[in-house]
Amino acid sequence: MNRSETHIVTEFVLLGFPGCWEIQIFLFSLFLVVYALTLVGNGAIICAVKWDPRLYTPMYFLLGNFAFLEIWYVSSTIPNMLVNILSKTKAISFSGCFLQFYFFFSLGTAECLFLAVMAYDRYQAICHPLHYPIIMTRRLCGTLVSLCWLIGFLGYPIPIFFISQLPFCGPNIIDHFLCDMDPLMALSCAPAPITEFIFYTQSSLVLFFTLMYILRSYTLLLRAVFQIPSTAGQRKAFSTCGSHLTVVSLFYGTVMVMYVSPTYGISALMQKILTLVYSIMTPFLNPLIYSLRNKDMKLALRNVLFGRRISQNS
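Residues numbered from 1 in each chain as written. Predicted model: local features only at pLDDT ≥ 70, side-chain atom pairs only at ≥ 80, totals over all residues. Heavy atoms only, no water.

Enquirer: Which residues make up the sheet that holds strand S3 (residues 173-174), and what values go with them?
Expert: Strand order in this open sheet of 3 strands is S2-S1-S3, and the pairing throughout is mixed. Here the strands that pair on one side only, and so sit at the sheet edges, are strand S2 (91-93) and S3. The pairing of strand S1 (residues 11-14) with S3 spans 2 bridges and is classified as parallel. Counted as the bridge partner of leucine 14 is isoleucine 174 from S3. (Pairing = 2+ DSSP bridges. Helix = DSSP H or I, 4+ residues; strand = E, 2+ residues; numbered from the N terminus.)

Enquirer: A description of the state of the cysteines should follow, citing residues and the corresponding values.
Expert: For the coordinates displayed, the defined rule picks out 2 disulfides. With its bonded cysteines labelled in order along the sequence, the protein chain shows the pairing 1-3, 2-4. As a non-bridged cysteine, cysteine 141 has cysteine 148 as the owner of its nearest cysteine sulfur, 11 Å distant. (Disulfide = S-S within 2.5 Å.)

Enquirer: Which residues make up the nonpolar core, and what are the values?
Expert: Counting residues in each nonpolar core, the largest one holds 99 residues, and the members touching the most others are Phe12, Phe98, Phe101, Tyr252 and Met297. If one sorts the elements of this core by residue count, helix H5 (residues 94-127) sits on top with 19 residues. When neighbours within four sequence positions are excluded, tyrosine 252 is seen to be in contact with Cys112, Leu115, Leu207, Thr210, Leu211 and Ile214. (Core = buried A, V, L, I, M, F, W, Y, C linked by side-chain atoms within 4.5 Å. Buried < 20%, exposed > 50% of the residue type's maximum accessible area, 1.4 Å probe, protein only. Contact = heavy atoms within 4.5 Å.)

Enquirer: Give me the lowdown on the UniProt feature "transmembrane region" (unreviewed entry) in the protein chain, citing residues and values where you can.
Expert: Under the UniProt annotation, the feature "transmembrane region" (unreviewed entry) is placed at residues 25-48, 60-78, 98-120, 140-162, 197-216, 237-261 and 273-292. Taken as a whole, residues 98-120 contains 100% helix and 0% strand, while its terminal C-alpha atoms sit 33 Å from one another. Overall, residues 197-216 shows 100% helix and 0% strand. The separation of its end C-alpha atoms is 27 Å. (UniProt positions renumbered as here; feature names shortened; annotations may be inferred.)

Enquirer: Let's hear about helix H4 (residues 78-86): which residues, and what values?
Expert: Inspection of H4 places Ile78, Met81, Leu82, Asn84 and Ile85 among the buried residues, and these make up the whole buried set. Burial along H4 is one-sided: seen end-on, the buried residues are contained in an arc of 165 degrees. (Arc of directions from axis to C-beta.)

Enquirer: With reference to specific residues and values, describe the packing of helix H3 (residues 58-75) against H5.
Expert: The geometry of H3 relative to H5 is characterised by a closest axis approach of 10 Å and an angle of 165 degrees between their N-to-C directions. Viewed along their axes, H3 and H5 adopt a mutual orientation that is roughly antiparallel. You can see that H3 and H5 cross each other, and the crossing is left-handed. Contacts between H3 and H5 pair Pro58, Met59, Leu62, Leu63, Asn65, Phe66, Leu69, Glu70, Trp72 and Tyr73 from the former with Phe104, Leu107, Gly108, Ala110, Glu111, Phe114, Leu115, Val117, Met118, Asp121 and Arg122 from the latter. Taken together, the residues that form the contact of H3 with H5 break down as 15 nonpolar, 2 polar and 4 charged. (Axes fitted to C-alpha atoms, helices over the stretch in contact; angles between N-to-C directions. Parallel < 35°, antiparallel > 145°, perpendicular 65-115°, else oblique. Left-handed = near helix turned anticlockwise from the far one by under 90°. Nonpolar A, V, L, I, M, F, W, Y, C, P; charged D, E, K, R; others polar.)

Enquirer: A description of a nonpolar patch on the surface should follow, citing residues and the corresponding values.
Expert: Together, Leu147, Leu150, Ile151 and Leu154 line one region of the surface with nonpolar side chains, adding up to about 400 Å² of accessible area. You can see leucine 147 is positioned in helix H7 (residues 138-154). (Patch = residues over 30% accessible without salt bridge, like charges linked within 9 Å, V, L, I, M, F, W, Y side chains within 5 Å. Areas by Shrake-Rupley, 256 points an atom, 1.4 Å probe, with all protein chains shown as cover. Salt bridge = Lys/Arg side-chain N within 4 Å of Asp/Glu carboxyl O.)

Enquirer: Run through the side chain of lysine 90, naming residues and quoting values.
Expert: Within the element layout of this structure, lysine 90 appears in the loop between H4 and S2. The contacts of lysine 90, once residues within four sequence positions are left out, are Phe12, Val13, Leu14, Leu15, Gln24, Asn84 and Ile85.

Enquirer: Now, about the pattern of salt bridges: what can you tell me, with residues and values included?
Expert: The final tally for this structure, using the stated rule, is 3 salt bridges. The partner of arginine 54 in a salt bridge is aspartate 52, and the shortest N-O contact between them spans 2.7 Å. Its salt-bridge partner being aspartate 175, residue lysine 272 comes within 2.8 Å of it at the nearest N-O pair. On the criterion of sequence distance, the pair formed by lysine 272 in helix H12 (residues 268-292) and aspartate 175 in the loop between S3 and helix H9 (181-187) is long-range, its members being 97 residues apart. Classification of lysine 272 by relative accessible area gives buried; the value is 3%.

In structure tokens:
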């Protein structure tokens, strides 16, 4: 079938969060503040890693790149959401919808890979401390970061292209605040079981393999931590890993519910809330989680945010 004949829908309507005008203004203000704080917090982490010599280590190099990813990840949803809240039509163009779909899933995949790489870094630092500087060289870190971005962005163009070629004859209303897989497939006029199978298989494999690797790394890591004779050493090891585990639990817990478990019994509102947690709240909480139990990062962020000079002796 010819694309021009089948694609009657030229735009989609994102319902977002329904409510009266006062509620819409409250949500707009809330998400605007969250977005601004997310940009400031993750931007501060990037600046701290770049400017503070104490943070010139593989762990903080990966954390700085992860913060950079979080800025882009939250930017794939909130700006359009803010425009949508104030819009009367709440419309998004056909191409804009699929562009958001692509960036949202590509950045989410890159986030899974980054979390796995950061788990690998912590495993090497605690289980092989003597060989850690030799293994985690700047070149290897750069290669791992590049692979995260490349795999994330090269994995979805073909599946999403085929989804965009499906006939969308109407209706065009999406009960969500972003263009996601399930709502789009529900609007298609023709079933595409093979395309759906490939997309969900690819997403599930990324989630399961990265999560299994993270769990394996931390199982071996915890075994090594309990063998540390001093309590102070154990406490330090837990403090460096606890923040990463918190982010992993928050992100994977909600993503697995959305994209691995059946969502038929989950209400549209609950799906929106779950999506908010892993796509907006995780990037927002990232600076807090990584700085609360990390003395060096806390001091470096204080220097960046309050304009203090970084001294080698502090």
